[in-house]
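Results of the structural survey
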Amino acid sequence: MKTEQVDGQKPIVTVFFEDYADRTRMRQTLEAVPGLKDLVFDPETSGVSTNGWPTLSAMRAADKRLLLFTDDHGTAIPEVGLRPGSDWTVENYWSIGDTGSNWDCYSRWGGVPLTQRNAKFSPLFVMNQFRNAPTIISAAIDNGDKLVERARNYCGPAARKMPNYVAVDFYEIPLGGATHRAIQTINRLHYVEGPAAPVAPPTVPAGFARPADTSVAKGYSFLRSAMNEFPYPVSQGLPRSYRGGYFAPGDQFGPTGFQSSFVYDDALMIDAFLGSGNADDRARAVTLGDALLYAQDHDPQPDGRLRSSYLPEPFVTKTGTPYIGGWSTYTGNMAWVGMAWSHLYRATGQQRYLDGARKAAEWIQSHAADSRGAGGYTGGVRALDEVGAEYQAITWKATEHNIDVGAFFAMLATLTGDQTWKSRSDAAFGFVRSMRAADGHLWTGTGLDGVSVNTDVVPADVQVWSYLATLSPDDAPAVDWLVRNQLTQDGPYQGVPFGSADRSKVWFEGTAQLLSALYARGRAEDTATAAALVSSLATAQDQAPNHDGFGIVAASRDGLDTGMGDQYYASLHTGATAWYLLAARNANPFRL
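Throughout what follows, the structure given in this document is the object of discussion. Predicted model, so just to flag it, every value in this text is computed and none were measured. (Residues numbered from 1 in each chain as written. Predicted model: local features only at pLDDT ≥ 70, side-chain atom pairs only at ≥ 80, totals over all residues. Heavy atoms only, no water.)

1. A word on the packing of helix 11 (residues 263–274) against helix 13 (residues 331–348)
It is at 8 Å that the axes of helix 11 and helix 13 come closest, and there the two elements cross at 25°. By the angle class used here, helix 11 and helix 13 are roughly parallel. As for how helix 11 packs across helix 13, the hand of that crossing is left-handed. For the pair helix 11 and helix 13, contact is made by Val263, Tyr264, Ala267, Leu268, Ile270, Asp271 and Leu274 and by Asn333, Trp336, Val337, Ala340, His343, Leu344 and Ala347, respectively. Residues of the contact of helix 11 with helix 13, tallied by class, amount to 11 nonpolar, 2 polar and 1 charged. (Axes fitted to C-alpha atoms, helices over the stretch in contact; angles between N-to-C directions. Helix = DSSP H or I, 4+ residues; strand = E, 2+ residues; numbered from the N terminus. Parallel < 35°, antiparallel > 145°, perpendicular 65-115°, else oblique. Left-handed = near helix turned anticlockwise from the far one by under 90°. Contact = heavy atoms within 4.5 Å. Nonpolar A, V, L, I, M, F, W, Y, C, P; charged D, E, K, R; others polar.)

2. Notes on the sheet that holds strand 5 (residues 124–129)
An order of 4-5-6 is seen for the 3 strands of this open sheet, with the pairing classed as parallel. Edge positions in the sheet fall to strand 4 (89–91) and strand 6 (165–168), since each of these pairs with one other strand and no more. Strand-to-strand twist in this sheet, taken as the mean axis angle between neighbours without regard to direction, amounts to 25°. In the packing of helix 7 (residues 145–159) onto the sheet, contacts are made with strand 5 and strand 6, and the angle to strand 5 comes to roughly 130°. (Pairing = 2+ DSSP bridges.)

3. Details of the side chain of Asp490
Mapped onto the secondary structure, Asp490 falls in strand 16 (residues 488–490). Among the polar contacts made by the side chain of Asp490, one reaches the side chain of Ser556 at a distance of 2.6 Å. Separated by 3.0 Å, the side chains of Asp490 and Arg557 make a polar contact. Setting aside its immediate chain neighbours within four residues, Asp490 contacts Ser504, Lys505, Val506, Ser556 and Arg557. (Polar contact = N/O pair within 3.5 Å; in protein donor to acceptor, adjacent residues only side chain to side chain.)

4. What to know about the side chain of Gln486
Mapped onto the elements, Gln486 comes out in helix 18 (residues 476–486). Residues within four places of Gln486 in sequence aside, it is in contact with Val458, Pro459, Ala460, Trp481, Gly495, Val496, Pro497, Gly499, Ser500 and Arg503.

5. Things to note about the state of the cysteines
Disulfides are covalent bonds that connect the sulfur atoms of two cysteines. The full count for this structure, using the stated rule, is 1 disulfide. Through a disulfide, Cys105 is tied to Cys155; the S-S separation comes to 1.7 Å. With Cys105 in the loop between strand 4 and strand 5 and Cys155 in helix 7, this residue pair connects regions lying 50 residues apart in the sequence. Cys155 sits in the buried class, given a relative accessible area of 0%. (Disulfide = S-S within 2.5 Å. Buried < 20%, exposed > 50% of the residue type's maximum accessible area, 1.4 Å probe, protein only.)

6. Focus on unusual backbone geometry
Residue Ile173 is joined to Pro174 through a cis peptide bond whose omega torsion reads 0°. Looking at the element boundaries, Pro174 is found in the loop between strand 6 and helix 8 (178–188). Geometrically, the link from Glu313 to Pro314 is a cis peptide bond, its omega value of 0° lying close to zero. Among the structural elements, Pro314 can be located in the loop between strand 9 (309–310) and strand 10 (324–326). A positive phi angle is found at Asp63, which is not glycine, with a value near 55°. Secondary-structure assignment places Asp63 in the loop between helix 4 (56–62) and strand 2 (66–70). Residue classification places Asp63 among the buried residues on the basis of a relative accessible area of 18%. Not every positive phi belongs to a glycine, and Arg160 is a case in point at roughly 65°.

The following block contains the structure:
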């Protein structure tokens, strides 16, 4: 290597040790190689973490042309520049299965997503493509053009960049240099954010500002990568809902960070994927829908319920039940998943989604229908412990939940022709109307008695959800009230807070919801407000604390108080990103 040239240039070589030797033996072996240490490029001592990777010409000029990585942190040897691969590279899971048909790209290391970025440098990407039991025949099939297709359509989008390395069995197969030509082609590819297939044109009303195509494409890239973070056989595609910032790995949430996948967020992702116009995204919606069906069918109490959240690593426990994060079952969450399944049934015609939606609806009717006061539906069932041993019926009623139920049951009436669901939808919307104040806004719901109006907090979401669910002029005043009374400014960000309890920060999920409502009604007098919201959301994507340039964080700063015992943080959020994409497509999740 010291003197050899390839195509007239000195080669740059990377060695990946999948080693099982002890550290002492590895060190002795490497130190015994004459001149090795002089050739090694050590990313740690060379300042890659602060200055980024050097160019190939700079490495050749310095004659530092050998990189050494090990799979095992325990055998890393800083003295000779042998560094842990997971500190400086990302890798997809090595196997494409027995038959070579599993082309999904997800991280080999659960705590290091393929999209990992650091402040000053991007880890090098190793694309693995191996069979469980390789043969010369399988290599002839898997190498060559198949490498290019997988890099272009699967692994590139999953990592948001093209691979720096490609690892295969029998690199000389197929004969004639097909593998080498494939690598040359991959070297010429550049990953461009956005779907591989044409996207349906946005239907934002004329005269309204809309999010830029590049911004929307980056948002979809974020959701796709979220589904790829954990190996599919382990997670079945469920993503964590929040990433980075407050929820990052550390003392509070452990070495892999906060992992909960909230079913409300998953339902929004289904709706956003169905609205992208991309066939692969439709398949992703199906994957998420099927994971939630599995959770429903294999619940410890298989009566149609879904829990508030699940854990994706692993999603399925040894007993076959889903790994439950939050054991409570909330009426609104059930309705959101039911609406997502209804959209999937409409999009695919697959009966299993309508069956799952019916089971969810029957659970809501059996456990939450209420005759007190204005009727409607209560909040569901709260778990009193962390193992699901004891529960308590929730007796308060939320305006938000009743909007969700009203919209969901209206969908079921349309899809099944059973007008019983229409009457139940009317009951839910009747409760919503009872929460309307004289100035047009909606109160949050009732107290524990199911009758008295809870006036402690005025939330933003119900003001726009009520209109999106009905598109009725009678519900439009709540949108106007929100614009007049709760628009807030936090530095470069304009939008809505979660509600009246804390107006010091912007809640980007709710801001995208308001944008959806303004698009849905399409009034000329709303164009200036809509333009400000579009600008704010785009700025958040690129500049907000803990941003990655792709997803949307939940809040403009940490500690946005809901007034209901929870806070939102400036952490990347699948739900906020999905609402942004729904707004960009003027796709209404409350309507078929």
